[in-house]
Amino acid sequence: MDLNSASSIVLQVLTQATSQDTAVLKPAEEQLKQWETQPGFYSVLLNIFTNHTLDVNVRWLAVLYFKNGIDRYWRRVAPHALSEEEKATLRAGLIANFNEPVNQIATQISVLIAKVARVDCPRQWPELIPTLVESVKVQDDLRQHRALLTFYHVTKTLASKRLAADRKLFYDLASGIYSFACSLWNHHTDTFLQQVYTGDEAAATNSLERTLLSLKVLRKLTVHGFVEPHWSVEVMGFLHAVFERLKQFLECSRSIRAENVCRDRLEKTIILFTKVLLDFLDQHPFSFTPLIQRSLEFAVSYVFTEAGEGIVFERFIVQCMNLIKMIVKNYAYKPSKNIEDSSPETLEAHKIKTEFFTYPTLMEICRRLVTHYFLLTKEELTMWEEDPEGFTVEETGGDSWKYSLRPCTEVLFIDIFHEYNQTLTPVLLEMVHSLQASTNMEDTSAILIKDAVYNAVGLAAYELFDSVDFDQWFKNQLLAELQVSHNRYKPIRRRVIWLIGQWISVKFKSDLRPVLYEVIRNLLQDQDLVVRIETATTLNLTVDDFEFRTDQFLPYLESMFTLLFQLLQEVTQCDTKMHVLHVLSCVIERVSMQVRPYVGCLVQYLPLLWKQSEEHNMLRCAILTTLIHLVQGLGADSKSLYPFLLPVIQLSTDVSQPPHVYLLEDGLELWLVTLENSPCLTPELLSIFQNMSALLELSSENFTNCFKIINAYIFLSSSEFLQMYAADLCRSFCEVLKDTTTDGQVQVLKVVENVLKVNPVLGPQMFQPLLPSIVRGIIGGERYPVVMSTYLGIMGRILLQNAKFFSLLLNQMACELGQELDQILGNMIEMWVDRMDNITQPERRKLSALALLSLLPSLNSVIQDKFCGIINISVEGLHDVMSEDPETETYKDCMLMSHFEELKVTEDEEPPTEQDKRKKMLALKDPVHTVSLQQFVYEKLKAQQELLGEQGFQALMETVDTEIVAQLQKFLQGF
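Conventions and cut-offs
Residues numbered from 1 in each chain as written. Predicted model: local features only at pLDDT ≥ 70, side-chain atom pairs only at ≥ 80, totals over all residues. Heavy atoms only, no water. UniProt positions renumbered as here; feature names shortened; annotations may be inferred. Helix = DSSP H or I, 4+ residues; strand = E, 2+ residues; numbered from the N terminus. Rg over C-alpha atoms; globule rule 2.2 N^0.38 Å. Buried < 20%, exposed > 50% of the residue type's maximum accessible area, 1.4 Å probe, protein only. Contact = heavy atoms within 4.5 Å. Areas by Shrake-Rupley, 256 points an atom, 1.4 Å probe, with all protein chains shown as cover. Salt bridge = Lys/Arg side-chain N within 4 Å of Asp/Glu carboxyl O. Axes fitted to C-alpha atoms, helices over the stretch in contact; angles between N-to-C directions. Parallel < 35°, antiparallel > 145°, perpendicular 65-115°, else oblique. Left-handed = near helix turned anticlockwise from the far one by under 90°. Nonpolar A, V, L, I, M, F, W, Y, C, P; charged D, E, K, R; others polar. 1 Å grid on protein atoms, 1.4 Å probe; cavity = no way out; pocket = protein on both sides within 12 Å on 5 of 7 lines; lining within 4 Å. Points joined across faces, edges and corners; volume = space filled by probe spheres on them. Patch = residues over 30% accessible without salt bridge, like charges linked within 9 Å, V, L, I, M, F, W, Y side chains within 5 Å. Lys, Arg positive; Asp, Glu negative; His and termini not counted. Charge placed at Lys NZ, Arg CZ, Asp CG, Glu CD. Core = buried A, V, L, I, M, F, W, Y, C linked by side-chain atoms within 4.5 Å. Phe/Tyr/Trp six-rings, centres within 6.5 Å; stacked < 30°, edge-to-face > 60°. Lys NZ or Arg CZ within 6 Å of the ring centre and 35° of its normal. Polar contact = N/O pair within 3.5 Å; in protein donor to acceptor, adjacent residues only side chain to side chain. Disulfide = S-S within 2.5 Å.

Under the annotation held in an unreviewed UniProt entry, the chain carries the name Importin-11 and is attributed to Otus sunia. Recorded under Sequence similarities (unreviewed entry), the UniProt text for the chain is reproduced unchanged: "Belongs to the importin beta family."

Right, dumping it as structure tokens:
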């Protein structure tokens, strides 16, 4: 591409590509795509985006196309890679001038230079770093800033490389430029501070930007540029200087107004200082050891004493708390139980920590966390009044929660309390004891302190297990506090019911559960919505606890369910509705069928909620989960839900509908439990299966549930289902088997096996296209035992229950393979005997014995030749299934089922589903469960004896090992 002639053409097409008119835009994009691989195209783009007289949008687009081209065509091995000559020209052009006037374009140019550096620096681009170093020294403000911006992006990119050779190059780079980077940072920092003190805000803002960029460079060099940074005087000098600079910047913040533009950048710089310390601690814990004392003194001073008043801000407090937490929890600083096994570095760090965290320091941190940071703020109390649902979402982990101060303080409290529980337990208990007197309703401060202390006791529940008699506290004080209905006492009602939820799985007597249920029922009628939502949460924790007993809960079930349903209707926010639905689901799951009389209102409401939640897929997921538990609780009665339930399943599992991305997993689960609990197959339920072929093509993590659904249809109504879908299923299975894992292969084969169980006559015909590969797998000695086992299970069914089809199949295989039928039969029996150990399921082992015995009596020489193997398998099967009665010394086939018994269920077990009952009825028709193997062996041997005569039969029996014969005779005593 000739630069002179091409520039104007490319410029024209780029201009068209910025158009809002799609008729102009689309052809331009297509043309640019064609030019991507043309030699010279990126040189033209470089000329365009470095020409400051052109339109900004056109230049922006040129930069983006250049950046994308680096990703695709810069590496030598890439298809249509750029020539070395053009790359050399482009590298020189990129760093010729750092004078881009537009900030956004300057950032993009810096990023694309960094992308090139990732591939070429330093080997093919040795001049990059020296050029950047020289350019950041110039006096021109614009050039200096752009060079510094590029310096940062290049350093950041090179620091992210992880191969050993790349790491070595970065170490060399860091040691070479670290001194310069430190002096550059110090220069810009000093300049900024001086300009702040002289009141030159505009100049200070510019200098602060350079301070921030140079600090970003130093952060990457310090954290990633040294193997053992504690040996570098410059690195440790910089890290110690960070504390002094932090103090200067924090003091500086006093003189800068909150609304000043510089204030925001100043706070970002302060946070960046703390990130340097946190990153260094994370990457080099032992190198950080000399900084432990100073870090703790600094952080504790600003966060837990008056030193920070008036200058600290929330994000800074969070970072300081994270620094304390990382030091307290750091595994590298914890000695082994056997001190001799600990390294000197660990012992030194542990000693510094121990000397710092004295009793007075720990007590002050604990008290300050609880009585200052745990207190509900005015903003939170206002939100409680004006937006109670928003308040509960924030408190339980909304989107902004994880970035806010409260969770950080709570995590720090938990970590410090865990580490120093022996010291802090008496401190916290003393705070609890000081609150035992009744609280003045007019004293808001006292109420908030009590709320904070109770919060601490809940967070430290596991640590306080041996120190708090929670049952007595519940009976003697907490119960009474829950009965105070004054509006101003609602923070305590909410906190106490939350506190009980934290202790329910730690220490709470089962005998007290009915009293707690009474309390929960009352609080679900509280005048305050926040209290009711918190109560629902505690109810969820209570019924989800392993000590939950249904009999204790049943007297309260009706009222609880009604109150939870009323709460579900009352709340309006998506997150809150999801939460209350989850509680309802949990209750339904735990009480199972007992919920049936009370779900009518919920069943009527869910269709409305589903319609209202069309734009809220996560709420719809919660509805699906509730429906799963409802169907399981209602059992066969769930058929009454079908007018709503089946369209929901249809939508959730239709991959052509956009919501399936969110709903598919729960939709499949609902589909499965609906089938498992269905009393009969309806036309609507049958038609939903049209969604399945597309689902099988996905080959996703939902594969297993798809096959469970297919099997459920087979058990529900095989004739109707297979009549409509057998051909489609067979085609889908053939495709699945072409490209699937062993597990996927087995899933397909199990479906075929179940079809043969349900319909041994028509089943083989329906899935006939799959059977030749199974025969080949058997005679070829399939290497995966689980696959071989399933192959033999399928062939055993056909041989035992449809001998005519088995013969036709062998004839077909003889023609396909060009072999005699008897040869194929002989090979199959031989492999069957040889791979019997692959079969681990007792049912399949008995089936194999029955199937091979069904070949007798026979005059066929191949079968007689394999007689010994057939007897071996038969005796193995007898060992598997026969149990001896010690009194009568007779044997009984333990797999026999004589009649249908109602499945007995204990309180801890799930009641049988309709599918469980169908499987039991099917088993009553299965030869494995209706034919005595002992009787079958006797009859077949007797028939063979009659066919051959005594002498011929004895000659056949002599081919069997004498030990096997002896075991056989023992099993056949009495016949």
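S.K.: Hey, could you run me through the overall build of the chain in this one?
M.R.: Secondary structure assignment for the chain yields 47 helices and two strands. Relative to the 2.2 N^0.38 estimate, which gives 30 Å for 975 residues, the radius of gyration of the chain is 38 Å and therefore markedly larger than a compact globule would have. Dimensions of the chain, computed from C-alpha atoms along their principal axes, come out at roughly 120 × 90 × 70 Å. Looking at the chain residue by residue over its 975 residues, the buried ones come to 53%. Within the chain, counting contacts between residues at least 6 apart in sequence, those at least 24 apart form 74% of the total. Surface summary for the chain: the accessible area is close to 44100 Å², and the carbon and sulfur share equals 51%.

S.K.: Explain the pattern of salt bridges to me, please; I cannot follow it from the model alone.
M.R.: Opposite charge on two side chains makes pairing possible when the charged atoms of those side chains draw close. If you walk through the whole model with that rule in mind, you get 42 salt bridges. A salt bridge links Arg263 to Glu267; the nearest nitrogen and oxygen atoms lie 3.1 Å apart. With Arg263 and Glu267 both in helix α12 (residues 261–283) and four residues apart, the pair spans about one turn of that helix. Between Glu419 and Lys334 there is a salt bridge, with the nearest N and O atoms lying 3.4 Å from each other. Placement of Glu419 in helix α19 (residues 405–419) and of Lys334 in the loop between α14 (314–329) and α15 (344–356) is noted, with a sequence separation of 85 residues between them. Given a relative accessible area of 25%, Glu419 falls into the partly exposed group. On the accessibility criterion, Lys334 (32% relative accessible area) is partly exposed. Sharing partners across several salt bridges, the network here consists of Arg76, Glu84 and Lys87.

S.K.: Any chance you could explain the packing of helix α43 (residues 867–881) against helix α46 (residues 933–957) here in plain terms?
M.R.: Relative placement of two packed helices is described by the angle separating their axes and the distance separating the axes. At a minimum axis distance of 12 Å, the contact between α43 and α46 shows a crossing angle of 150°. With respect to α46, the element α43 is oriented roughly antiparallel. Relative to α46, the crossing made by α43 is left-handed. Along its contact with α43, which presents Phe867, Ile871, Ser874, Gly877, Leu878 and Val881, the element α46 presents Leu933, Gln934, Val937, Leu941, Phe953, Leu956 and Met957. When grouped by side-chain class, the residues that make up the contact of α43 with α46 number 10 nonpolar, three polar and no charged.

S.K.: Looking at this structure, how should I read empty space enclosed by the protein?
M.R.: A water-sized probe rolled over the atoms picks out the places where empty space is left. Taken as a whole, this structure holds one cavity of 30 Å³ or more when the rule is applied. Its boundaries defined by the atoms lining it, the largest cavity holds a volume of some 40 Å³. What lines the largest cavity is simply Thr274, Leu277, Phe298, Phe316, Cys320 and Leu323. Elements that contribute at least two residues to the lining of the largest cavity include exactly α12 and α14.

S.K.: Explain a negative patch on the surface here, please?
M.R.: Judged by side-chain charge, Glu884, Asp885, Glu887 and Glu889 come together as a negatively charged surface patch. Take Asp885: its relative accessible area is 33%, and that puts it in the partly exposed class.

S.K.: Help me understand the UniProt feature "domain: Importin N-terminal" (unreviewed entry) in the chain, please; the structure alone is not making it clear to me.
M.R.: UniProt's feature table lists "domain: Importin N-terminal" (unreviewed entry) at residues 28–100, given in the numbering used throughout. This span, residues 28–100, is 63% helix and 0% strand, and a straight line between its end C-alpha atoms measures 26 Å.

S.K.: What's the story with the environment of Cys680 in this structure? I'm lost.
M.R.: In this structure, Cys680 sits in the loop between α31 (660–676) and α32 (683–687). Among residues more than four places away in sequence, those in contact with Cys680 are Lys639, Leu685 and Leu716.

S.K.: How should the environment of Leu45 be read in this particular structure?
M.R.: Checked against the element boundaries, Leu45 lands in helix α3 (residues 41–49). With residues near it in sequence (within four places) discarded, Leu45 still touches Val10, Leu14, Ala62, Tyr65 and Phe66.

S.K.: Even after reading the chapter, I still don't get the packing of α3 against helix α5 (residues 84–94), so can you show me in this structure?
M.R.: Where α3 meets α5, the closest approach of the two axes is 10 Å, and the angle between their N-to-C directions is 10°. Our classification of the angle between α3 and α5 gives roughly parallel. Every residue of α5 that contacts α3 at Phe41, Tyr42, Ser43, Leu46 and Phe49 is listed here: Glu86, Leu90, Gly93 and Leu94. Counted by class, the contact of α3 with α5 contains six nonpolar, two polar and one charged residues.

S.K.: Where do I start with unusual backbone geometry in this structure?
M.R.: A negative phi angle characterises most non-glycine residues, just as the trans form characterises most peptide bonds. Cis geometry is found at the peptide bond from Cys121 to Pro122, where omega equals 5°. Along the chain, the position of Pro122 falls in the loop between α6 (103–120) and α7 (128–135). Pro857 follows Leu856 through a cis peptide bond whose omega is -5°. Here Pro857 lies in the loop between α41 (842–853) and α42 (861–865). The backbone of His80 shows a phi angle near 60°, a positive value even though the residue is not glycine. Take His80: it is sitting in the loop between α4 (56–73) and α5.

S.K.: Could you clarify how one ought to interpret the nonpolar core in this entry?
M.R.: When a protein is soluble and globular, its nonpolar side chains tend to lie buried together. Ranked by internal contacts, the top residues of the largest apolar core, which has 335 residues, are Phe413 and Trp671. No other element matches the 17 residues that helix α34 (residues 703–738) contributes to this core. If sequence neighbours within four positions are ignored, Trp671 has contacts with Ile649, Thr653, Ile688, Phe689, Asn691, Met692, Leu695, Ile709 and Tyr713. Grouped together as the second largest cluster of nonpolar side chains are five residues, Leu376, Trp384, Phe391 and Val530 included.

S.K.: Explanation requested: the packing of aromatic side chains in the structure shown.
M.R.: Here the distance between the centres and the angle between the planes together describe a pair of aromatic rings. Tallied over the full model, the rule gives 42 aromatic pairs. Taking the centre distance of 5.1 Å and the plane angle of 70° together, the rings of Phe474 and Phe508 count as edge-to-face. Residue Phe474 is located in helix α22 (residues 470–482), and its partner Phe508 is located in the loop between α23 (490–503) and α24 (513–523); the two are separated by 34 residues in the primary sequence. You'll find Phe474 and Phe508 in the same group, each marked buried. Ring pairing ties together the aromatic residues Tyr454, Phe470, Trp473, Phe474, Trp503 and Phe508, which thus form one cluster. The ring of Phe465 has Lys507 lying over it, and the distance from NZ or CZ to the ring centre is 4.6 Å.

S.K.: Sorry, what's going on with the environment of Arg91 here?
M.R.: Relative to the elements of secondary structure, Arg91 occurs in helix α5. On a C-alpha basis, the gap between Arg91 and Trp125 in space is 7.7 Å, while along the polypeptide they are 34 residues apart. The contact partners of Arg91, leaving out residues within four places of it in the chain, are Trp74, Val116, Asp120, Gln124 and Trp125. At 2.6 Å, the side chain of Arg91 and the side chain of Asp120 are in polar contact.

S.K.: Looking at this structure, I do not really get the state of the cysteines. What am I missing?
M.R.: When the sulfur atoms of two cysteines share a covalent bond, that bond is a disulfide. Counted according to the given criterion, the structure contains zero disulfides. The thiol of Cys734 is not disulfide-bonded; the next cysteine sulfur, from Cys730, is found 4.7 Å away.

S.K.: Got a minute to help me understand the side chain of Thr626 in this structure?
M.R.: Residue placement: Thr626 occurs in helix α29 (residues 617–634). A distance of 2.9 Å separates the side chain of Thr626 from the backbone oxygen of Ala622, its partner in a polar contact. Dropping the residues within four chain positions of it, Thr626 is found in contact with Leu581, Ser585, Ile588, Leu602 and Leu606.

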